[in-house]
Every structure is written in structure tokens, then in C-alpha cells.
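# Structural description and commentary
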Amino acid sequence: MASRNPTRQDATLNDGNSFSPLMLASPSSMINQIKFEDEPEVKDLFITVDEPESHITAIETFITYRIATKTTRGEFDSSEFEVRRRYQDFLWLKSRLEDAHPTLIIPPLPEKFIVKGMVERFNDDFIETRRKALHKFLNRIADHPTLTFNEDFKIFLTAQAWELTSHKKQGPGLLSRMGQTFKAVASSVRGVKNRPVEFTELAEYVEAFGQKISVLDKVSQRILKEQKDYYEEMKEYGPIYTLWSASEEDLVDPLRGVAGCIDKCCKVTEALNSKLSNDLIPIIHEYVLYSETLSGVQRRRDLIQAELDAKVDALVKQKADKDVLKEEIEKLEDKVECANNALKADWERWKKNMRTDLKDTFLNMADSRISHYEETDIYTVPDTRTPDLQMTPSYS
């Protein structure tokens, strides 16, 4: 087999200093190094999601989670808050954040109904998986230098149920108010005419990243399933040797030795499966959802760009009052510039966090694999028999 060029292999995700999936090792000269001025230096907001409770009514069954918040921020009325929220409340918060900050990267929520590998909607594993995902969702927002100060986020953390219900009725957000006219304008444009090349390259990067992380997600899920099946079979396999030793006096020690070896393999395999299901798969799946989020951010940026393009076309074709159009265009140009700058800065921040998350996760799993094989490599049965009965099984 011909060797691959080491300078080209897996170039799509090797570095990522630019948006391009083909030239990710190039300098990020196309990106303005924008910093969030109000980024907190000291963590002053601590959020815990726990204590899930089932609620059964005449028309639905749902789960609520306790949201416990501790903070030292002056804009909060107290230093501690405790509320209960259901999944649809989290959906509302995410929607409001997208409306208020259309080109910031909002952390993803877990899927609405079911997580891969879960058969029942409200079994214990599903509830715990969702609880962890919701906990991470809120803490990612809390750690974001801009989203953390969003007023709807504060209300979500502090308002009692009736207050939150009242707040929800105050009307839709910015993007929702744009209505079908704006969406129709955007959908009529086959691609945005004046989209900066850097955002085209960002889209290409996101597409390549999404494809690769999705493959990792599927393979990881398959490996976990196969290892769980392997573990279940080993649990049945070990006791057979113990039972066998009861009827074979001359083979008692070697048979019990094999049974002990299998038992040890079971324990370390169970620990490895736990690491896979709790540490690796959730972070990979979160970044599958992040790739979808990034595509949504790009679309929202394009919507703002499309509105500007439509106004410019109208001015060129003199379909409306020129002075009014010029004023609207100036405002939209500022709006597009703000949206672009926000996305550029948040993209750099997200990319740095993504690399840290995945690097730490993969190294952690590599260490777990090494420990697994070290513990299950060789188990020597005591030599208490004649040479023809000596046995040194290996379970690597």
C-alpha cells in the first residue's frame, strides 16, 4: 500500500487556524482578533442541575429538574436561587438567546425526545443522560463572556414558575418578529451575493468537521454496544468454569484460575464501558450537535446579509424612496458588521474550547485503554499441577 503524504493527511482537522477545511494550518490573517471586553476574569456564577422529578398529568408526562444557582453578581437580588424547569423551558431559553444574539454560538441542547441507545423515553439512563447535558448547557452559557449577562438567562435561573410563564407571554424575539417577509427575501436568494469569503470557508470547515465528528459518534456508539455485549457474555462465561471445577478434582486450581481471570476482565471491561458512555460519547455527541448549531449561526448571519442585499438591490433599481433606503442601508451595514464581528470572535473562542475538550477527552480515553490492557494482559495461574496441566491464559 502506498504511503500517504504526512503533510497532507487529515489536513481538514489538523489545525484550523483559518476557516478553510483545506488550509487549516494557515495563519488566521482573515480574522480580526476581537476580544469580548466584558469577559469575566473570575467565575462568579455557579449552576447545578439535579434532582429530576417525574410529573404525570391527564394530558402529559414530563420531567422537571432542580436548577440551583449561586452567584456574587450585584445584578442578582440574592446570592442563591433554586427553581425547577422542564425541557421546554430550556428550549425557550435557547430560542431567546438565538433571537438576542443571532451570530453567537449558542450551546446545543440534547435532542428533544430520545438520545441514541435509549429505548424508553423516561428510563433512568435517559433521564441521567439528559440531566448531565442540561447541566453542561447552562454552565456553557454561564462561562460565555456575552451570553452569561443575557437578561432571559437571568430570569430562567431566578424566576418562579408563574413569573417565567408570564415572561414567556411578552412576545417573540427579534428573529421571530422579522416575520415571513424577511424569510421570504432570504429564501429567494440563491446564496448571499456579498458573503465574505471567510464565512464561505467557515461553512466548508463546519461541513467537514460535522462529517468527521458524526463518523466518530457512530463508531463510538457501535464500539460501546459491542463491548457491552462482550461484557454480558463474559459474565455468563466465568461461572461455567467455577461449576466445572466442582466436578474435576484434578483441574480445580486451573479452572478456578480461569474463572478468576474472566472475573477480572469483566470488572475492567465494565469500568472501560463506563468511561466510554460517561466521558467519550457525550462529548463527541455534543460536538455533533455543535456542528448543527454552527450551520444555524451561518444561516442567521446570511439572513441579515440577505436583508442588506435586498435593500441595496432596491436602491439600484429605484423601487422606493432613495433617501429612506440609504438610511436603512446604513443601519443594515452596521448590523451586518456587528453580526460578522460577533461571529468571528465567538468562532475563535469556540474553536479553542473544542480543541481543548476533544484533546482532553481523547487523551483520557487513551489512558483508560492502556490501563485496561495492562490489567487484563496476563494472569498466571499458580503452578500446582503436573507440567502437562500448566496453564497461563492471556486475555488481552
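Reading the values: rules and limits
- Residues numbered from 1 in each chain as written.
- Predicted model: local features only at pLDDT ≥ 70, side-chain atom pairs only at ≥ 80, totals over all residues.
- Heavy atoms only, no water.
- Helix = DSSP H or I, 4+ residues; strand = E, 2+ residues; numbered from the N terminus.
- Buried < 20%, exposed > 50% of the residue type's maximum accessible area, 1.4 Å probe, protein only.
- Contact = heavy atoms within 4.5 Å.
- Areas by Shrake-Rupley, 256 points an atom, 1.4 Å probe, with all protein chains shown as cover.
- Pairing = 2+ DSSP bridges.
- Axes fitted to C-alpha atoms, helices over the stretch in contact; angles between N-to-C directions.
- Core = buried A, V, L, I, M, F, W, Y, C linked by side-chain atoms within 4.5 Å.
- Parallel < 35°, antiparallel > 145°, perpendicular 65-115°, else oblique.
- Left-handed = near helix turned anticlockwise from the far one by under 90°.
- Nonpolar A, V, L, I, M, F, W, Y, C, P; charged D, E, K, R; others polar.
- Salt bridge = Lys/Arg side-chain N within 4 Å of Asp/Glu carboxyl O.
- Phe/Tyr/Trp six-rings, centres within 6.5 Å; stacked < 30°, edge-to-face > 60°.
- Expected span 1.5 Å × (residues − 1).
- Patch = residues over 30% accessible without salt bridge, like charges linked within 9 Å, V, L, I, M, F, W, Y side chains within 5 Å.

The protein carries the name PX domain-containing protein in an unreviewed UniProt entry, which gives Engystomops pustulosus as its organism.

We now examine the overall build of the protein. Counting its regular elements, the protein contains 10 helices and 3 strands. For the protein, the α and β elements follow one another from N to C terminus as α-β-β-β-α-α-α-α-α-α-α-α-α. With 396 residues in all, the protein has 42% of them scored as buried. Long-range contacts, defined here as pairs at least 24 residues apart, represent 71% of the contacts in the protein between residues at least 6 apart. Summed over all atoms, the accessible surface of the protein reaches about 22700 Å², with 52% contributed by carbon and sulfur.

Either a parallel or an antiparallel arrangement is found when strands of a sheet pair, and the pairing is made through backbone hydrogen bonds. If you trace the 3 strands from one edge of the open sheet to the other, you get E1-E2-E3, paired in antiparallel fashion. Pairing within the sheet leaves two strands with one partner each, and these edge strands are strand E1 (45-56) and strand E3 (80-86). For this sheet the average axis-to-axis angle between neighbouring strands, irrespective of direction, equals 20°. Here 10 bridges tie E1 to strand E2 (residues 61-71), and the two strands are oriented antiparallel to one another.

Counting 30 residues, the largest nonpolar core has Ile47, Ile67, Phe90, Leu93, Leu138 and Phe153 as the members making the most contacts within it. At the level of elements, E1, E2, E3, helix H2 (87-100), helix H3 (124-143) and helix H4 (151-158) are the ones that each hand at least two residues to this core. When residues in this core are grouped by element, the largest group, 6 residues, is from H3. Residues in contact with Ile47, not counting those within four places in the same chain, are Ile67, Ala68, Thr69, His135, Leu138, Asn139, Ala142, Phe153 and Leu157. Phe199, Leu224, Ile284 and Trp347 belong to the second-largest nonpolar core, a separate cluster that totals 25 residues.

The next point concerns the packing of helix H8 (residues 197-245) against helix H9 (residues 252-316). Two numbers describe how H8 lies on H9: the axes approach to 7 Å, and their chain directions differ by 160°. Considering the angle they form, H8 stands roughly antiparallel to H9. At the point where H8 passes H9, the crossing takes the left-handed sense. Across the contact of H8 with H9, the residue classes break down as 30 nonpolar, 16 polar and 6 charged.

Bringing the pattern of salt bridges into the picture now. Opposite charge on two side chains permits them to pair, given that their charged atoms come into close proximity. Throughout the structure, instances matching the rule amount to 26 salt bridges. A salt bridge links Asp44 to Arg73, with the nearest nitrogen and oxygen atoms 3.0 Å apart. You can see Asp44 sitting in the loop between helix H1 (11-14) and E1 and its partner Arg73 sitting in the loop between E2 and E3, a full 29 residues away along the chain. We classify Arg73 as buried; its relative accessible area is 6%. Residue Glu328 is joined to Lys311 by a salt bridge in which the shortest nitrogen-to-oxygen separation is 3.0 Å. In this pair, Glu328 sits in helix H10 (residues 322-376) while Lys311 sits in helix H9, placing the two residues 17 residues apart along the sequence. Linked through salt bridges whose partners overlap, the residues forming this network are Asp50, Glu51, Arg66 and Glu82.

Scanning the model with the defined rule gives 13 aromatic pairs in all. Ring plane angle 55° and centroid distance 5.9 Å describe the contact between Phe76 and Phe81, whose orientation is recorded as tilted. For Phe76, a relative accessible area of 8% gives the class buried. What makes Phe81 buried here is its relative accessible area of 16%.

Here we come to H2. An ideal rise of 1.5 Å per residue puts 20 Å on 14 residues; H2 measures up with 20 Å between its terminal C-alpha atoms. Of all 14 residues in H2, 10 are buried; the element is thus mostly enclosed. All of the buried residues in H2 are Tyr87, Asp89, Phe90, Trp92, Leu93, Lys94, Arg96, Leu97, Glu98 and Asp99.

Taking burial as the measure, the 11 residues of E2 include 9 buried ones, the bulk of the element. Following E1, the chain reverses through 4 residues before pairing antiparallel with E2. Pairing of E2 with E3, which is carried by 7 bridges, proceeds in the antiparallel orientation. Within E3, the residue paired with Thr69 across the bridge is Phe81.

This part covers a nonpolar patch on the surface. There is a patch of nonpolar side chains on the surface, built from Val215, Val219 and Ile223 and spanning about 200 Å² of accessible area. On the secondary structure map, Val219 appears in helix H8. In this structure Val219 comes out as partly exposed when scored by relative accessible area, which is 30%.

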